[in-house]
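# Chains, contacts and geometry: an overview
The chain contents come next:
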Amino acid sequence: MLVNGSVEGDCGVCPRGERANLQNVCERCTGSPELYDWLYLGFMAMLPLVLHWFFIEWYSGKKSSSALLQHITAMLECGVSAVVTLLVTEPVGKLSVQSCRVQMLSDWYTMLYNPSPDYINTLHCTQEAVYPLYTIVLIYYAFCLVLMMMLRPLLVKKIACGLGKSDRFKSIYAALYFFPILTVLQAVGGGLLYYAFPYIILVLSLVTLAVYMSASEIQSFKNLTAKKKRLVVLFSHWLLHAYGIVSISRLDKLEQDLPLLALVPGPALFYIATAKFTEPNRILSEGGSGH
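Read on for an overview of the structure. These figures come from a predicted structure and were not determined experimentally.

### Section: the pattern of salt bridges
Inspection of every chain in the model, using the stated rule, returns 3 salt bridges. Its salt-bridge partner being E57, residue K229 comes within 2.8 Å of it at the nearest N-O pair. Of this pair, K229 sits in helix α6 (residues 228-249) while E57 sits in helix α1 (residues 35-60); the two residues are 172 residues apart in sequence, bridging distant segments of the chain. Exposure remark for K229: the relative accessible area of 47% places this residue in the partly exposed category.

### Observations concerning the state of the cysteines
Inspection of the entire model under this criterion finds 1 disulfide. Covalent S-S linkage joins C29 and C100, the inter-sulfur distance amounting to 1.5 Å. Between C29 and C100, the S-S dihedral sits near 55°, and the bridge is therefore right-handed. Highlighted residues: C29 in the loop between β4 (26-28) and α1 and C100 in the loop between α2 (67-88) and α3 (135-159), separated in sequence by 71 residues. Of the two residues, C29 and C100, neither departs from the other in class, the shared state being buried. We note that C78 lacks a disulfide partner, and the nearest cysteine sulfur, in C144, lies 4.2 Å from it. By relative accessible area, which is 5% here, C78 ends up buried.

### With respect to helix α8 (residues 266-275)
Every buried residue belonging to α8 is among A268, I272 and A275, and all of these are buried. Along the axis of α8, the buried residues cluster in a sector spanning 75°; they form a single face.

### Focus on a nonpolar patch on the surface
A cluster of nonpolar side chains, V83, L87, V88, L95 and I139, forms an exposed patch at the surface whose accessible area comes to about 380 Å². Here V88 shows up in helix α2. Given the relative accessible area of 45%, V88 is considered partly exposed.

### Let's talk about unusual backbone geometry
In this structure, P91 follows E90 across a cis peptide bond, with omega equal to -5°. With an omega dihedral of -5°, the bond running from Y131 to P132 counts as a cis peptide bond. Relative to the helices and strands, P132 is located in the loop between α2 and α3.

### A word on the nonpolar core
If you look at the biggest cluster of nonpolar residues, it comprises 38 residues, and the most contacted ones within it are Y40 and W108. Listed by contribution, the elements that provide at least two residues to this core are α1, α2, α3 and α4 (170-215). Once you skip the residues sitting within four places of it in the chain, W108 turns out to touch Y40, V102, V130, L133, Y134, Q186, G190, G191 and Y194. Among the nonpolar cores identified, the runner-up in size contains 7 residues, and L209, M213, I218 and A268 belong to it.

### Re the packing of α1 against α6
At a closest axis distance of 11 Å, the pairing of α1 and α6 adopts a crossing angle of 155°. When the interaxial angle is binned, α1 and α6 end up roughly antiparallel. Crossing hand, α1 versus α6: left-handed. For the pair α1 and α6, the contacting residues are Y36, W38, L39, G42, F43, M46 and E57 in the first and K229, L240, Y243, V246 and S247 in the second. The residue inventory of the contact of α1 with α6, partitioned by class, reads 8 nonpolar, 2 polar and 2 charged.

### Regarding α1
Between its first and last C-alpha atoms α1 spans 37 Å; for 26 residues at 1.5 Å apiece the expected length is 38 Å, and the two agree. Bending of α1 peaks at approximately 25° at the position of M46, with proline P48 no more than four residues after it.

### Description of the packing of aromatic side chains
Following the criterion strictly, the structure yields 17 aromatic pairs and no others. With centroids separated by 6.3 Å and ring planes inclined at 15°, the aromatic side chains of F55 and Y59 adopt a geometry described as stacked. Here F55 pairs with Y59, and both are found in helix α1, just 4 residues apart, close to one helical turn. Classification of Y59 as partly exposed rests on a relative accessible area of 28%. An angle of 10° between the planes, with centres 6.0 Å apart, marks the rings of F55 and F178 as stacked. Taken together, the residues span a long stretch of sequence, with F55 in helix α1 and F178 in helix α4 at a distance of 123 residues. Given the relative accessible area of 7%, F178 is considered buried. One aromatic cluster in this structure is built from Y36, Y40, F43, W108, Y134, Y194, Y195 and F197. The ring of Y36 has R250 lying over it, and the distance from NZ or CZ to the ring centre is 3.8 Å.

Definitions and limits used
- Residues numbered from 1 in each chain as written.
- Predicted model: local features only at pLDDT ≥ 70, side-chain atom pairs only at ≥ 80, totals over all residues.
- Heavy atoms only, no water.
- Salt bridge = Lys/Arg side-chain N within 4 Å of Asp/Glu carboxyl O.
- Helix = DSSP H or I, 4+ residues; strand = E, 2+ residues; numbered from the N terminus.
- Buried < 20%, exposed > 50% of the residue type's maximum accessible area, 1.4 Å probe, protein only.
- Disulfide = S-S within 2.5 Å.
- Arc of directions from axis to C-beta.
- Patch = residues over 30% accessible without salt bridge, like charges linked within 9 Å, V, L, I, M, F, W, Y side chains within 5 Å.
- Areas by Shrake-Rupley, 256 points an atom, 1.4 Å probe, with all protein chains shown as cover.
- Core = buried A, V, L, I, M, F, W, Y, C linked by side-chain atoms within 4.5 Å.
- Contact = heavy atoms within 4.5 Å.
- Axes fitted to C-alpha atoms, helices over the stretch in contact; angles between N-to-C directions.
- Parallel < 35°, antiparallel > 145°, perpendicular 65-115°, else oblique.
- Left-handed = near helix turned anticlockwise from the far one by under 90°.
- Nonpolar A, V, L, I, M, F, W, Y, C, P; charged D, E, K, R; others polar.
- Expected span 1.5 Å × (residues − 1).
- Bend = angle between axes of the 7 residues up to and from the residue.
- Phe/Tyr/Trp six-rings, centres within 6.5 Å; stacked < 30°, edge-to-face > 60°.
- Lys NZ or Arg CZ within 6 Å of the ring centre and 35° of its normal.

Quick look at the structure:
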């Protein structure tokens with residue numbers, strides 16, 4: 001503590017919501033998250049929603065009319081969880097967050113930097129130096145899990161009549177697996193994800209878009225627009241492309257960064273333009289004819 005301009009008190013961990021300054025004095029975190037911090041939180045919030053949608057689509061079947069309602073319910077669960085998480089975070093009752101500024105990767109792993117002044121006894125100073133970026137994600141996942149267990153089983157039991165009894169709840173069972181995985185991922189690799197998530201978004205969105213277009217045999221704009229679902233998938237991937245580009249550029253210089261968004265349709269256009277040249281049947285036929 002600071003008394004009459006001098007530091008007094010035992011060396012120890014700062015209370016939650018505070019971090020040590022350059023003078024090793026605990027200060028309250030009163031700043032607001034930067035754009036990049038919000039984008040990171042948005043990425044971590046999207047993960048369970050995207051996984052919900054994937055497993056709902058995977059287990060619902062092509063003829064099931066319950067998939068759309070389950071998709072909407074999953075979005076509602078994650079949206080309400082995000083709002084409640086913001087409301088219970090300082091300042092309580094407001095849709096705003098007070099945070100400590102992330103300065104380096106080690107801020108995420110303070111447990112690895114406990115000091116030993118006498119080289120014998122270790123002072124345990126583990127704290128959330130990146131408050132609240134570390135714990136707010138875990139709180140959000142907890143709310144998502146609780147809301148899912150309250151709403152989804154009742155909904156699935158009533159509307160998923162087209163599925164067998166063993167298949168109705170598989171999307172929920174999948175969530176019971178991926179939520180612990182996401183929790184461990186945040187607890188162990190939160191700092192690494194904070195710096196790598198823009199590139200993860202770009203790479204995964206490009207790969208999944210290519211896999212989807214290949215599996216759906218989309219080789220022309222006519223094939224692409226034949227079904228509304230394909231357009232929804234395409235626009236969703238474009239949003240992810242834009243999200244990744246904005247996260248990398250951080251929009252520090254708008255006049256230079258905004259034109260980068262023109263690259264968003266590029267991968268899809270490139271795939272359609274070159275798909276006919278990589279058709280396996282064409283390659284095999286040309287190889288067999290000696291060309």
